[in-house]
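What follows is the residue order along each chain.
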Amino acid sequence: MNAASQSASPWLGMLALLFVAMFAFAFLRAEQQWQVAALAAVGTIGLLLMGRSNMRRIESSWAAHQSSMQWTAIVLSAIVIFLFREDHFALLMIATVMLFSVACLGLNVQFGYAGVVNFAGAAFLGIGGYTAAMLTARPGIPHGFVILVAGLLAGLIGSLLILPLLRTRGHYAALITIAFAILFRTFLEVSDTFGGPQGLKVSGLRIFGWSFNDNIETPWGGEYSFYLNYVILSFLLLGVAVMLVRRLEYSWLGLSLDAVRIDETAASVFGFDVARWKIVAFTLGNALAGVAGAVYAMMTGFVAPANFTLAESLILVSIVILGGVGNPIGILPAAALVLILPEKLQAIQEYRYLLFSLFVILVLLFRPEGLLPRRMRVYAPRWRSP
Amino acid sequence: MDPSLLAQYVFNGAMLGIIYAMVAVGFTLFFGVLDVIKFSHGDVLMVGAFTGLTTYLALDAIGMKSGPLMAAGAMLCAMLAMAALGAAIARWLVLPLRNAPPINVLLITLMTGTALREAVRLFYPAGANPKPFPNLLPSAALPLGDFALRTDNLILLFVGFSAVVIVHLLVTRSKLGLAIRAVAQDAETAQIMGMNFRRVVLITFALGSALAALAGVTAGLYYSEINFGMGLLLGVIGFSAAVVGGLGNLYGAILGGFLFAALQTLGAVWFTVPAYKDVFAFAVVILLMAWRPTGLIAERSAERV
């Protein structure tokens, strides 16, 4: 660490978080098209004006005061969520962003840490969703267990790809996941058991008799949107996933994964079991996607092959790239940008894939490490170099 | 099996095979010179097919009557336009990322493909709907037992084969091909020997993309329909074919193309639900990759450490 972080005050980071929260609130609240467009413009211009050096300072402030920043972020998110307690659409968006972030964290472990490409992320979301659809149709299976099974099953089905993935590299490995993504979608479309192109209905989540699909009646007579249930659940899931991924990154597991990604040959010379780490990362990532997929399916109430195409997988990969490969913190804003902006800005709804692909092209050309690049690990935040 | 039915399957398989092989040859050429996968290839094919359709409409509007001439015009225009598009993609999107991780190149070309696909869907008149492609070639059928061999398909098969053979001769016999192979083997040494690296790369991309355009128009004439999404699956199939055959190897690409067509045809025969043919073909591709990780005809050079 250098002089910049010594002077990093916690207030700078907290102020930045506050701004992010206020911006998110305003953006979700905006209803008129011109408001959305104006906010998008303000956000872009603000980021541009702030420049890279100020970004660095904010980031080092976050890095230097991790635990207080975490609590600030949690409290601010809770406030924002609470402010939208009656707004179905905003809550749906928030939950979607958080669930997709969980899936992208999984991809991040695979691709950002272990260097295993996965162009079938949406297929693993789909495995989770279809597991939820099949199991919730049978009474008597506790839904908490269903979510768990969805994750396990996604990991298990992913393990079918492990042998070919371990034997191949680079483009050859990419082809295997792409082939799997197409195979999965085609299979669902022609299979009668899984409902064909129309897909299946999924019943809402119910844990310990608490139905997630009923509006919450408050003791003082008000009613909160039922999506609040899912938002809280996805918030918890995201918290667990972020914690898991952070712990993983900072442990010797993360170091091993990095070694495998950066140079397989050198890693195996130094005694790392390359195959083992790739399997760990791939299975863990798919399991995270499966869990997210199950909750997402229960929230939206149906699953269909059209939601789990190669194009959707590409959107997941793009979120990871945009956020900054290997940086779990960048995923949330990237997911929000990719998922919410087209929903809010109706004018670009029709053009969203076009604009979005052009945007990713520009990022790859001019900022190939993503919007928030991954930083070197800091094992001891308070450590000062002499 | 009934011989005429068998002949029908073999002929359809050959038709698919030649289309796939044309796409796969492009992939393998690009990988050869630059070690990159240009994933927008399938969508370049689709834009080529739409260029062909537009050319036909224009020729029709100025009063041209002869079908085969219009078909030739459509093919030629599509090939020229796509050669330019392919070179432009290489110049502005692929070459700048030469030193970036390969995954970035894969991603940027995937996104270019998406942009092309969306642009056609949004901006081509009624581009979201499938477009009927006119039957330009003489469609008289030669009856062989119960199986009718259509002349237009025979012509398409012949054109496709000649195109692949011409590209093969170009790469193995001509001075340009020598330059392409030199750059493929060792770009730095080739540059030291005075080859214009950028020019060779751009010409290679133009060549591959022109072949894709031909494949697109062929697919349009064969299926009598084109749509904005046709490139995605054809691109992935072409990529699979090139990879299964062994990237960077022309014979491998051709072999892979026909192998994939054979798998699809077999899948269509074996399964009662014909749609399972793609599931079957892609599953076999995954298994083949597990068995021969660098393709059936493996890369010659040892892996660089």
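About the criteria used
Residues numbered from 1 in each chain as written. Chains lettered and ligands numbered in written order. Predicted model: local features only at pLDDT ≥ 70, side-chain atom pairs only at ≥ 80, totals over all residues. Helix = DSSP H or I, 4+ residues; strand = E, 2+ residues; numbered from the N terminus. Rg over C-alpha atoms; globule rule 2.2 N^0.38 Å. Contact = placed C-beta atoms within 7 Å. Buried ≥ 20, exposed ≤ 12 C-beta atoms within 10 Å, placed from the backbone. Nonpolar A, V, L, I, M, F, W, Y, C, P; charged D, E, K, R; others polar. Core = buried A, V, L, I, M, F, W, Y, C linked by C-beta atoms within 7 Å. Expected span 1.5 Å × (residues − 1). Axes fitted to C-alpha atoms, helices over the stretch in contact; angles between N-to-C directions. Parallel < 35°, antiparallel > 145°, perpendicular 65-115°, else oblique. Left-handed = near helix turned anticlockwise from the far one by under 90°. pLDDT = per-residue confidence, 0-100. Domains from an automatic or database assignment.

A. Region of the structure containing the overall build of chain B. Summing up its helical and strand segments, chain B has eleven helices and four strands in all. Over its C-alpha trace chain B gives a radius of gyration of 19 Å, about what one expects of a compact globule, namely 19 Å for 305 residues. The long-range fraction of contacts in chain B, counting pairs at least 24 apart against all pairs at least 6 apart in sequence, stands at 75%.

B. Examining the overall build of chain A more closely. Looking only at helices and strands, chain A features 17 helices and six strands. The C-alpha radius of gyration computed for chain A amounts to 21 Å, which stays within 12% of the reference 21 Å derived for 386 residues, consistent with globular compactness. Along the first, second and third principal axes, the C-alpha set of chain A runs to 65 × 60 × 40 Å. Considering chain A as a whole, with its 386 residues, one finds that 44% of them fall into the buried category. Looking at chain A alone, contacts between residues at least 24 apart form 79% of all its contacts between residues at least 6 apart.

C. Region of the structure containing the interface of chain B and chain A. Contact residues are listed per partner, giving 38 residues for chain B and 35 residues for chain A. The set of elements that each furnish at least two residues to the side of chain B that touches chain A consists of helix H4 (102–123), helix H9 (230–245) and helix H11 (276–291) of chain B. By residue number, the principal contributor to the side of chain B that touches chain A is H4(B), which donates 14 residues. Of the residues assigned to the side of chain B that touches chain A, the class counts are 31 nonpolar, five polar and two charged.

D. Representation of the nonpolar core within the structure. A:Val295 and B:Met22 are the most contacted members of the largest nonpolar core, which has 223 residues in total. Of the residues forming this core, the biggest block, 17 residues, is contributed by helix H5 (residues 88–113) of chain A.

E. The arrangement of helix H6 (residues 121–136) of chain A in detail. The end-to-end C-alpha separation of H6(A) is 23 Å, in line with the 22 Å expected for 16 residues at 1.5 Å each. Counting buried positions along H6(A) gives 16 out of 16 residues, so the element sits mostly inside the fold.

F. Representation of the packing of helix H3 (residues 67–94) of chain B against H4(B) in the model. Residue and element names in this part refer to chain B. For the pair H3 and H4, the least separation of the axes is 11 Å and the interaxial angle reads 130°. Comparing the axis directions of H3 and H4 gives the class oblique. Note on packing geometry: the crossing formed by H3 with H4 is right-handed. Between H3, through Ile89, Leu93 and Val94, and H4, the contact on the second element is made entirely by Val105, Ile108, Thr109 and Thr112.

G. Region of the structure containing the environment of B:Ala242. Residue and element names in this part refer to chain B. Tracing the chain through its elements places Ala242 in helix H9. Considered as a pair, Ala242 and Ala24 are 218 residues apart in the sequence and their alpha carbons are 4.8 Å apart. Look past the residues within four positions of Ala242 in its chain and what remains in contact with it is Ala24, Phe27, Thr28, Leu247, Ala253 and Gly256.

H. Inspection of the confidence of the model for chain B at higher detail. Mean pLDDT over chain B: 85, with 96% of residues reaching 70 or higher. Our summary of model confidence lists the complex with pTM equal to 0.85 and ipTM equal to 0.82.

I. Seen up close, the confidence of the model for chain A. Considering every residue of chain A, the mean pLDDT works out to 82; 93% of them sit at 70 or more. Low confidence marks residues 1–6 of chain A, where pLDDT is under 50. Its contacts with residues over four positions away, or in another chain, come to eleven contacts.

J. Examining the domain arrangement of chain A more closely. All names here are of chain A. As far as domains go, chain A holds domain 1 (1–83) and domain 2 (87–366). One C-alpha centre belongs to domain 1, the other to domain 2, and the line joining them spans 25 Å. Contacts between domain 1 and domain 2 engage nine residues on the former and ten residues on the latter. Top element by residues in the side of domain 1 that touches domain 2 is helix H3 (residues 33–64). It accounts for four residues. Its residues assigned to classes, the side of domain 1 that touches domain 2 shows seven nonpolar, two polar and no charged.

K. Spatial organisation of unusual backbone geometry. Located in the positive-phi region is B:Ser224, a residue other than glycine, with phi close to 60°. Locating B:Ser224 in the fold gives a position in the loop between helix H8 (197–223) and strand S4 (225–226).

L. Broad picture of helix H10 (residues 227–250) of chain A. Relative to the 34 Å expected for 24 residues at 1.5 Å per residue, H10(A) spans 34 Å between its end C-alpha atoms, a close match to the ideal helical length. Within H10(A), burial applies to A:Tyr227, A:Leu228, A:Asn229, A:Tyr230, A:Val231, A:Leu233, A:Ser234, A:Leu237, A:Leu238, A:Ala241, A:Val245 and A:Glu249.

M. Broad picture of the environment of A:Ser256. All names here are of chain A. Here Ser256 shows up in helix H11 (residues 252–262). Along the backbone, Ser256 and Trp277 are 21 residues apart, and their C-alpha atoms lie at a distance of 7.3 Å. If we ignore the near neighbours within four places in the chain, the residues touching Ser256 are Phe272 and Trp277.

N. Representation of the environment of B:Pro130. Residue and element names in this part refer to chain B. Locating Pro130 in the fold gives a position in the loop between H4 and strand S1 (131–132). Along the chain, Pro130 and Ala71 lie 59 residues apart, while their C-alpha atoms are 19 Å from each other. When residues no more than four places from it in sequence are discounted, the contact partners of Pro130 are Glu225 and Asn227.

O. A look at the packing of helix H10 (residues 250–270) of chain B against H11(B). All names here are of chain B. Where H10 contacts H11, the axes come no closer than 8 Å and their chain directions differ by 135°. In terms of axis orientation, H10 runs oblique to H11. Where H10 crosses over H11, the two elements pack in a sense that is right-handed. Here Phe260, Leu263, Gln264, Gly267 and Ala268 of H10 come into contact with H11, specifically with Tyr276, Lys277, Asp278, Phe280, Ala281 and Val284. In the contact of H10 with H11, the residues fall into seven nonpolar, two polar and two charged.

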